[in-house]
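# Structural description and commentary
Residue strings, one per chain:
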Amino acid sequence: MEAYRSRRIGEFLTLNCSYKSSQEDVLWVNTYWRLGNKTGPYVYHPYKETVHPKYRGRTEITGQADLHIREVQISDDSIYYCFMVFKLCKEKNIHKKSVKVGEGTKLSVAESMIKQPDERSKQRLFITVSISASMLLILLCVTLVVLTKADVICKKKNA
């Protein structure tokens, strides 16, 4: 296994896969990524309809062959395998296909320790703070009136 990556729900990540071209001329390269094992469902395939439905629209290739996953989910916790298929030019009019398979990259997904507040939570917080500020202001006014009546706070005398 190549690497171990850890992410929280909702984040994005990029799993690395790279290759070095051989001395033979590379005519084209196709990149594929599979989930769970080397014959598992595709999380990336050049033909989008071949990609597993829960990964459609969330994965793309960046750089040479790196897999970029958006909005990581708890169900993404698995091992990912990179496949590179090369079409090589051996000699004039002689082509050869070559397949390279990565060792796999383990992704561990954890729930976020800090939950982002939703709109209702923000509204409740605003109302709570507003009520608390109002109560504090009323308490301050009542305290000033009581202290004035008790002659603790001096009144200005008429001259």
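Model, not experiment: these values are computed from the prediction.

With that out of the way, let us pick up the pairing of strand S5 (residues 59–62). As paired strands, S5 and strand S6 (residues 66–69) are joined by four bridges and run antiparallel to one another. By the bridge assignment, Glu60 is partnered in S6 with His68. Counting the residues in the hairpin turn of S5 and S6 gives three residues, including Gly63, whose phi is positive at 60°.

A word on the sheet that holds S5. Strand order in this open sheet of three strands is S2-S6-S5, and the pairing throughout is antiparallel. The open sheet terminates on both sides in strands that have one partner only, identified here as strand S2 (13–15) and S5. Averaged over all pairs of adjacent strands, the angle between strand axes in this sheet comes to 30°, irrespective of strand direction.

Per the UniProt record, "transmembrane region" (unreviewed entry) is annotated on residues 125–147. Helix makes up 100% of residues 125–147 and strand 0%, whereas the separation of the span's terminal C-alpha atoms amounts to 33 Å.

Attention now goes to the nonpolar core. Core analysis: the biggest nonpolar cluster contains 20 residues, and Trp33, Val43, Leu67 and Tyr80 have the highest contact counts within it. Those elements that provide at least two residues to this core are S2, strand S3 (25–35), strand S4 (42–44), S6, strand S7 (78–91) and strand S9 (105–110). When residues in this core are grouped by element, the largest group, five residues, is from S7. One finds Ile79, Tyr81, Phe83 and Val85 within the second-largest nonpolar core, a separate group that totals six residues.

Moving on: the packing of aromatic side chains. Applying the stated criterion across every chain, the model contains two aromatic pairs. Centre to centre, the rings of Tyr32 and Tyr42 are 6.1 Å apart; their planes meet at 50°, and the pair counts as tilted. Of this pair, Tyr32 sits in strand S3 while Tyr42 is found in strand S4, placing the two residues 10 residues apart along the sequence. Accessibility assignment for this pair places Tyr32 and Tyr42 in one class, buried. Centre to centre, the rings of Tyr55 and Tyr80 are 6.5 Å apart; their planes meet at 80°, and the pair counts as edge-to-face. Taken together, the positions of Tyr55 in the loop between S4 and S5 and Tyr80 in strand S7 put the pair 25 residues apart, joining distant regions of the chain. Directly above the ring of Tyr42 sits Arg34, whose terminal nitrogen or CZ lies 3.9 Å from the centroid. Sitting over the ring of Phe83, Arg34 keeps its end group 6.0 Å from the ring centre.

Turning our attention to the environment of His52. Here His52 is to be found in the loop between S4 and S5. Non-local contacts of His52, meaning those with residues more than four positions away in its chain, are made with Pro41 and Tyr42.

With that settled, the discussion passes to the state of the cysteines. The tally for this structure, following the rule as stated, stands at one disulfide. Here Cys17 is linked by a disulfide to Cys82, with a sulfur-sulfur distance of 1.8 Å. Between Cys17 and Cys82, the S-S torsion sits near -65°, and that sign places the bridge as left-handed. Placement of Cys17 in the loop between S2 and S3 and of Cys82 in strand S7 is noted, with a sequence separation of 65 residues between them. The two residues Cys17 and Cys82 agree in class, both being buried.

Turning to its location among the elements, Ser108 is positioned in strand S9. Distance in space between the C-alpha atoms of Ser108 and Ile79 is 8.8 Å, their sequence separation being 29 residues.

Thresholds, definitions, all that
Residues numbered from 1 in each chain as written. Predicted model: local features only at pLDDT ≥ 70, side-chain atom pairs only at ≥ 80, totals over all residues. Heavy atoms only, no water. Pairing = 2+ DSSP bridges. Helix = DSSP H or I, 4+ residues; strand = E, 2+ residues; numbered from the N terminus. Axes fitted to C-alpha atoms, helices over the stretch in contact; angles between N-to-C directions. UniProt positions renumbered as here; feature names shortened; annotations may be inferred. Core = buried A, V, L, I, M, F, W, Y, C linked by side-chain atoms within 4.5 Å. Buried < 20%, exposed > 50% of the residue type's maximum accessible area, 1.4 Å probe, protein only. Phe/Tyr/Trp six-rings, centres within 6.5 Å; stacked < 30°, edge-to-face > 60°. Lys NZ or Arg CZ within 6 Å of the ring centre and 35° of its normal. Contact = heavy atoms within 4.5 Å. Disulfide = S-S within 2.5 Å.

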